[in-house]
Amino acid sequence: MTPKLTLVGAGPGDNELITLKGIKALQNADVVLYDALANDSLLAYAPIQAIKMNVGKRKGQHSYLQDEINRLIVSFALEHGHVVRLKGGDPFVFGRGYEELEYAKAFGISTEVIPGVSSSIGVAAAIQIPITHRDIARSFWVVTGHTSDGSLPKDLSLAAQSSATVVILMGMSKLAEIAAIFGHHGKSEMPIAIIQNGTTGKQKSVFGQIRDILEKVSESKITNPAVIIIGEVVSLHPEYVLDYVEEMKL
């Protein structure tokens, strides 16, 4: 028995969007510690005898602190062998994967990282919104909507001043502040899309502009977990075109 930690990106939600290498890691797991955003049907790839534990963090529900998760990784690895840490999206995109990696290494545990399809680009692609476009968006930002102290990152103001596509993860509770920042920088008519539970059977989406997105979200009841996409690329989506072309006609 050799203690090992493998961080596996489960992808944005659809259980078919995990990589083949990620599946192989699960098939060789002694323990699987999985997140709330990882599709739990993926646990079927793990051996029947493997320990499987939900350590996901969800607002308003019991959850493990990061320090507790770190300690679980080490204790399970030393006692049972191969620990697969199954994380939604990609382990290194706002997944605190490196913290877990670093903690395990401090105990002499071997480590491996298997990248995943990040929701920051995968969710947009799945509904056919390109994050970049050679004519209207030559770069993109991926920004967290929830820093360690609960505030929005200062980078968001810089992103709002650019011509880049801006993707915000974990930002629904700060949507009013986000809209105010973009409005302050003259982007009140900038297209915006919000996709809840992207790439899953529970997917919902709403399209709007910065000036009216709060009203549209209220009407649609969209909430977390959701990806916020702001930029001209959103205007390429047929649902946005239908809404705002009709509005211009009126």
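Everything discussed here concerns the structure shown above.
About the criteria used
Residues numbered from 1 in each chain as written. Predicted model: local features only at pLDDT ≥ 70, side-chain atom pairs only at ≥ 80, totals over all residues. Heavy atoms only, no water. Axes fitted to C-alpha atoms, helices over the stretch in contact; angles between N-to-C directions. Helix = DSSP H or I, 4+ residues; strand = E, 2+ residues; numbered from the N terminus. Parallel < 35°, antiparallel > 145°, perpendicular 65-115°, else oblique. Left-handed = near helix turned anticlockwise from the far one by under 90°. Contact = heavy atoms within 4.5 Å. Nonpolar A, V, L, I, M, F, W, Y, C, P; charged D, E, K, R; others polar. Pairing = 2+ DSSP bridges.

Let's talk about the packing of helix α2 (residues 66-80) against helix α3 (residues 97-105)
It is at 9 Å that the axes of α2 and α3 come closest, and there the two elements cross at 45 degrees. Taken together, the axes of α2 and α3 are oblique relative to one another. Here the hand of the crossing between α2 and α3 comes out right-handed. Residues Gln66, Ile69, Asn70, Arg71, Ile73 and Val74 of α2 form the contact with α3, whose participating residues are Glu99, Glu100, Tyr103 and Ala104. Across the contact of α2 with α3, the residue classes tally to five nonpolar, two polar and three charged.

A word on the sheet that holds strand β1 (residues 4-9)
Spatial ordering of the open sheet is given by β3-β2-β4-β1-β5, a layout of five strands whose pairing is parallel. A strand with exactly one partner marks an edge of an open sheet, and here the two such strands are β3 (51-54) and β5 (110-114). Each adjacent strand pair in this sheet contributes to an overall mean axis angle of 15 degrees, direction not counted. Sheet topology note: the strand β2 (residues 31-34)/β3 ladder contains four bridges and is parallel. Within β3, the residue paired with valine 32 across the bridge is lysine 52. Sheet contacts for α2: β1, β2, β3 and β4 (82-87); angle to β4, the most-contacted strand, approximately 150 degrees.

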